[in-house]
Each structure stands twice: as C-alpha cells, then as structure tokens.
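Close look at the chain arrangement
What follows is the residue order along each chain.
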Amino acid sequence: MPVVNRFQLTEEPEPAFPKGVPWVRYHGIYKDLHINLVWPGKDSNLGVDSVGTVSASLVTYAAIQALQPDLIINAGTAGGFKAKGSSIGDVYLVSDVAFHDRRIPIPVFDLYGVGLRQAYSTPNLRKDLNLKIGKLSTGDSLDMSTQDEATIIANDASVKDMEGAAVAYVADLLKVPVIFVKAVTDIVDGDKPTAEEFLQNLAAVTAALDQAVAQVVDFINGKSLSEL
C-alpha cells in the first residue's frame, strides 16, 4: 500500500483477470510511465495473504497476458543472511534467482529443479542507486530445513523469499524482462525465530522497500530498456 499511495494508483474494479480470483490490480500514470501494481490478494478460504510460488506463478502469467508489460519489477520482503553481510532493512537489487526446495536428484533434472535464472541486466541502475547486489533463493517455506540450507549455500544466496524464482520462470517463459527489489525483514541465520522477527520488522522494512521502489521507478522513467 505505501507504493500504491506514493504513485497515487487506483484499484481497478473491472477485472483484467478471470472471474472469482482474489488477485488485485492497481494502476495509474506516473511521469512517462503506466504503472500496474498487481498482488495475489487474500486466500478465499483462510483470509491470509496468498504467498508462495504457485500463486506468484499464476498471477505473473495472468498479468503478462492481460497487461503486456515492458518490464516487471518483483518487489517484496525477504530473509537475509548475516554470513553474506545482510542486515535488517537492507534492500537488494537481485542479480540471479534460483529455487532451494525442488530436489530432483537425476542428472539434468537436478539443474531444472534449481531453475537458475538471471535478472534483467541493469548496469546503470546498479551504478546509480545505493542498493546491495546479491543472489536470491526461493522456496515455499518460511523456515529453513537443513536440506534447504545446503542448497541456499550452494546457490550463493544473500536473501531468500517465497516468490522470486517462480516470477523469473514465468517471465523467462514469456520473454518479459524482470528485475527484483528485495528488502530484508529477518536474519535467517540469526538468533531470533524467523516468524517473530519478520512480523516485528515488517512495517519499518516495508517503508524502506517503498523508498527503494520509488528510486527504481524514477530511474526507469524516460529510459529505454537498453539504458537501464
């Protein structure tokens, strides 16, 4: 909502998506840009946010089909690793994304499971903004099992989330450039329980994410993709 308010976006009551899905679209004009902000909404049965890779994949596919974007920005929160220099409130511009919980121990299928993909290259954006650069690892659990940890380390990840690699998969499939802006709410290899730390820091870190997204959008305005 901070991003919606910052860019004065309005909710679109006429659905661009199939009838009955909880996905929500806000849109508006900011400078030279037409911005669509799409989020998966609330689970219709339990009323909680529709987090995770399945929901992210569906929403990304539907949004690309309906809205035909030139660029996707996947903005959200993530866990960080103190072993990689992460602190609460850090904002990362992601270089690479991969999964850490799709274990398929068969030659080549194992690489498919990891699903390594690069974010769209933005050398000028990197140079201009004071954001950390790091790799993102994605899984469908908030906590981290021993097996997940081993794969996250193998992925050389600075941050972990529950959506990024799924968004990257769909964007790559449909050939739409995507960049990732991730703000750290909790330290995965720290002393506090992940869920407790996440909820404690969510509001403050969302404000940091909002600020970073605004910087990214302002930088993008007036530029072609090749100038990013």
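Here's what I pulled together on the structure shown here. Keep in mind the model is a prediction, meaning the values are calculated, not measured.

Further remarks concern the packing of helix 2 (residues 53-67) against helix 6 (residues 164-173). Their axes nearest at 8 Å, the elements helix 2 and helix 6 cross at an angle of 30 degrees. By the criterion of interaxial angle, the relationship of helix 2 to helix 6 is roughly parallel. Read as a crossing pair, helix 2 and helix 6 show a hand that is right-handed. From helix 2, T53, A56, S57, T60, Y61 and I64 reach across to helix 6, where they touch A166, V167, V170 and A171.

Strand order in the open sheet formed by three strands is 1-2-3, with antiparallel pairing between adjacent strands. Taken across any chain shown, the strands that pair with only one partner, and hence form the sheet edges, are strand 1 (10-11) and strand 3 (33-39). As defined by bridge partners, strand 1 adjoins strand 2 (residues 24-30) across two bridges and the pair is classed as antiparallel. Across the sheet, residue E11 finds its bridge partner in strand 2, namely Y26.

Let us now look at unusual backbone geometry. One non-glycine residue, V108, lies in positive phi territory at about 75 degrees. Structurally, V108 can be placed in the loop between strand 5 (91-99) and helix 3 (109-114).

In this section: the pattern of salt bridges. Tallying each qualifying case throughout the model produces 10 salt bridges. A salt bridge links D49 to K42; its shortest N-O distance comes to 2.9 Å. K175 is paired through a salt bridge with D172; the nearest N and O atoms lie 3.8 Å apart. Owing to a relative accessible area of 36%, D172 belongs among the partly exposed residues under this scheme. Beyond isolated ion pairs, a larger network of salt bridges with shared partners links K84, K135 and D156.

Under the defined criterion, the tally for this structure stands at two aromatic pairs. Ring geometry for F7 and Y30: centres 4.7 Å apart, planes at 70 degrees, overall edge-to-face. You can see F7 sitting in the loop between helix 1 (2-6) and strand 1 and its partner Y30 sitting in strand 2, a full 23 residues away along the chain. Y30 carries the same exposure label as F7, and that label is buried. The residue whose ring lies beneath R102 is F99, and the NZ or CZ to ring-centre distance is 3.9 Å.

The next subject is the nonpolar core. If you look at the biggest cluster of nonpolar residues, it comprises 28 residues, and the most contacted ones within it are F7 and V216. Sorting elements by how many residues they give to this core places helix 7 (residues 194-220) first, with nine residues. Beyond its immediate sequence surroundings of up to four residues, F7 is in contact with Y30, I35, V213, A214 and V217.

On to the environment of I153. Secondary-structure assignment places I153 in helix 5 (residues 146-154). Look at I153 and you get exposed, because its relative accessible area is 61%. Each C-alpha atom of the pair I153 and H100 lies 9.2 Å from the other, and the pair is 53 residues apart in sequence.

The rules we used
- In this convention, every chain numbers its residues from 1, walking through the sequence in written order.
- Local features in this predicted model are restricted to residues whose pLDDT is 70 or higher, and side-chain atom pairs enter the listing and the counts only when it is 80 or higher, whereas totals over whole chains, interfaces and linings include all residues.
- Side-chain measures were taken over the full set of non-hydrogen atoms in the model, leaving aside hydrogen atoms and water.
- Axes here refer to lines fitted to C-alpha atoms; in helices the fit is confined to the stretch in contact. Angles between the N-to-C directions go from 0 to 180 degrees.
- Only DSSP runs of H or I covering at least 4 residues are called helices, and only runs of E covering at least 2 are called strands; the numbering of each starts at the N terminus.
- Here is the rule for angles: anything less than 35 degrees is roughly parallel, anything more than 145 is roughly antiparallel, 65 through 115 is roughly perpendicular, and the remaining ranges are oblique.
- Crossings are assigned a handedness: left-handed for a near helix turned anticlockwise from the far helix by less than a right angle, right-handed for a clockwise turn.
- Whether two residues are in contact is decided by their heavy atoms: any pair within 4.5 Å suffices.
- Strands were regarded as paired on the criterion that DSSP finds at least two bridges between them.
- Counted as salt bridges are all cases of a side-chain nitrogen of Lys or Arg within 4 Å of a carboxyl oxygen of Asp or Glu.
- Each residue gets one of three labels from its accessible area relative to the maximum for its type: buried under 20%, exposed over 50%, partly exposed in between, using a 1.4 Å probe on protein chains only.
- Working definition: a ring pair exists when centres of Phe, Tyr or Trp rings (six-membered ring for Trp) sit within 6.5 Å. Plane angles under 30 degrees give stacked, over 60 give edge-to-face, the rest tilted.
- To sit over a ring, a charge needs its Lys NZ or Arg CZ within 6 Å of the ring centre and within 35 degrees of the ring normal.
- Working definition of a nonpolar core: buried Ala, Val, Leu, Ile, Met, Phe, Trp, Tyr and Cys residues. They are joined through side-chain atoms within 4.5 Å.

Any functional reading would require information that these geometric values do not contain.
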